[in-house]
Amino acid sequence: MPTLCESMANRGDRINYLSLALQARSAIKRLRLLSPPSEPAPELRTALQAALNSLSDTKPPEGLCSRLYDEAGFNRFEQIQTVEEVIRVLDDPNLKHGIEHILKGPQYTDEDVRTTIGFFSAIENRALYHYDDPSLAESFR
């Protein structure tokens, strides 16, 4: 029989998944409004930097927990785990360059924007998958 503490912890995990899905949805909306050569809004820059930090080193030598307190990045275990699952599945070597191009400003292309939207869509879908059934998330740890 689950205890109150277990229930609260489960709720906390679910909130982290929902938070990640909402962050991804916000980034997607802002990316859809973006058109070359405009600069990304500050909120979009933050989301792109978090994604770029996640893509920069998917397997740091210090381990997963070393990335829990990055300044700009996904900083909850459930968020990091979900983003790493998406990176592993997408396996797109050009994704990092597309995000970098958008962050730099006018040099990005529509293809960079489409690829980045696909990345955030995959994050949103995966986070909602875990949010809907957190017991399934346990099988990936």
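Before reading on, note that the structure itself is shown above.
Values in this document were obtained by computation on a predicted structure and should not be read as measured data.

Definitions and limits used
Per chain, residues are indexed from 1 in the order of the written sequence. Only residues with pLDDT of at least 70 get local features here, since the model is predicted, and only at 80 or more are side-chain atom pairs given and counted; chain-wide, interface and lining totals rely on the full set of residues. To obtain the side-chain values, all non-hydrogen atoms of the structure were used and water was disregarded. Segments assigned H or I by DSSP are reported as helices when at least four residues long, segments assigned E as strands when at least two residues long, and all are numbered from the N terminus. Whether a residue is buried, partly exposed or exposed follows from its accessible area with a 1.4 Å probe, protein chains only, as a fraction of its type maximum: under 20%, in between, or over 50%, in that order. Any pair of residues with heavy atoms lying within 4.5 Å of one another is described as a contacting pair. Values of accessible area rely on a 1.4 Å probe in the Shrake-Rupley scheme; residue burial ignores everything except the protein chains shown. Pairing of N or O atoms within 3.5 Å defines a polar contact, subject to two protein rules: one partner must be a possible hydrogen donor and the other a possible acceptor, and residues neighboring in sequence count only if both atoms are side-chain atoms. Lines fitted to C-alpha atoms define the axes, with helix axes restricted to the stretch in contact, and inter-axis angles between N-to-C directions lie between 0 and 180 degrees. Each angle is binned into one of four classes, with values under 35 degrees roughly parallel, values over 145 roughly antiparallel, values of 65 to 115 roughly perpendicular, and all other values oblique. For any helix crossing, the convention is left-handed if the near helix is rotated counterclockwise from the far helix by under a right angle, and right-handed if that rotation is clockwise. We define the nonpolar core as a collection of buried residues of types Ala, Val, Leu, Ile, Met, Phe, Trp, Tyr and Cys that are connected through side-chain atoms lying within 4.5 Å of one another. Aromatic pairing here means that ring centres of Phe, Tyr or Trp (its six-membered ring) are within 6.5 Å. Orientation follows from the plane angle: under 30 degrees is stacked, over 60 is edge-to-face, and everything else is tilted. Charge-over-ring placement is defined geometrically: NZ (Lys) or CZ (Arg) within 6 Å of the ring centre, and within 35 degrees of the ring normal.

Please set out the overall build of the protein chain residue by residue, giving values where relevant.
Of regular secondary structure, the protein chain possesses 6 helices and 0 strands. Along the protein chain, helices and strands appear, N-terminal first, in the series α-α-α-α-α-α. Residue burial in the protein chain is summarised as follows: out of 141 residues, 36% are buried. Here the analysis covers contacts within the protein chain between residues at least 6 apart in sequence; of these, 66% occur between residues at least 24 apart. When the accessible surface of the protein chain is split by element, carbon and sulfur atoms take 55% of a total near 8,200 Å².

Hey, could you go over the side chain of Asp112 for me, with residue numbers and the actual values?
If you trace the backbone, Asp112 turns up in helix H5 (residues 110-132). Within polar-contact distance, the side chain of Asp112 engages the side chain of His101 at 3.3 Å. In terms of polar contacts, Asp112 uses its side chain to reach the backbone amide nitrogen of Thr109, at 2.9 Å. In contact with Asp112, other than residues within four places in its own chain, are Gly98, His101 and Ile102.

Would you mind going over the environment of Phe119 in detail, with residue names and values included?
Looking at where Phe119 falls in the secondary structure, it is placed in helix H5. The exposure class of Phe119 is buried, given its relative accessible area of 1%. Apart from residues no more than four positions distant in its own chain, Phe119 is found in contact with Ala51, Val83, Val86, Ile87, Leu90, Leu95 and Ile99.

Would you mind going over the packing of helix H3 (residues 77-90) against H5 in detail, with residue names and values included?
Put simply, H3 and H5 touch, their axes get as near as 9 Å, and they point 125° apart. Viewed along their axes, H3 and H5 adopt a mutual orientation that is oblique. Two packed elements cross with a definite hand, and for H3 against H5 that hand is right-handed. Together, Thr82, Val83, Glu85, Val86, Ile87 and Leu90 of H3 and Phe119, Ala122, Ile123, Arg126, Ala127 and His130 of H5 make up the contact between the two elements.

Can you lay out the nonpolar core for me, pointing to particular residues and giving the numbers?
Leu31, Ile99, Phe119, Phe120 and Ile123 are the most contacted members of the largest nonpolar core, which has 29 residues in total. Where this core is concerned, the elements lending two or more residues are helix H1 (4-33), helix H2 (42-56), H3, helix H4 (95-104) and H5. Per-element tally for this core: the top contributor is H2, with 7 residues. Beyond its immediate chain neighbours, meaning those up to four positions away, Ile123 contacts Leu20, Ala24, Thr82, Val83 and Val86.

Kindly report on the packing of aromatic side chains, identifying the contributing residues and their values.
Taken as a whole, this structure holds 1 aromatic pair when the rule is applied. Centre to centre, the rings of Phe119 and Phe120 are 5.5 Å apart; their planes meet at 65°, and the pair counts as edge-to-face. Residue classification places Phe120 among the buried positions, given a relative accessible area of 2%. When the ring centre of Tyr131 is taken as origin, the NZ or CZ atom of Arg14, which lies over that ring, is 4.3 Å away.

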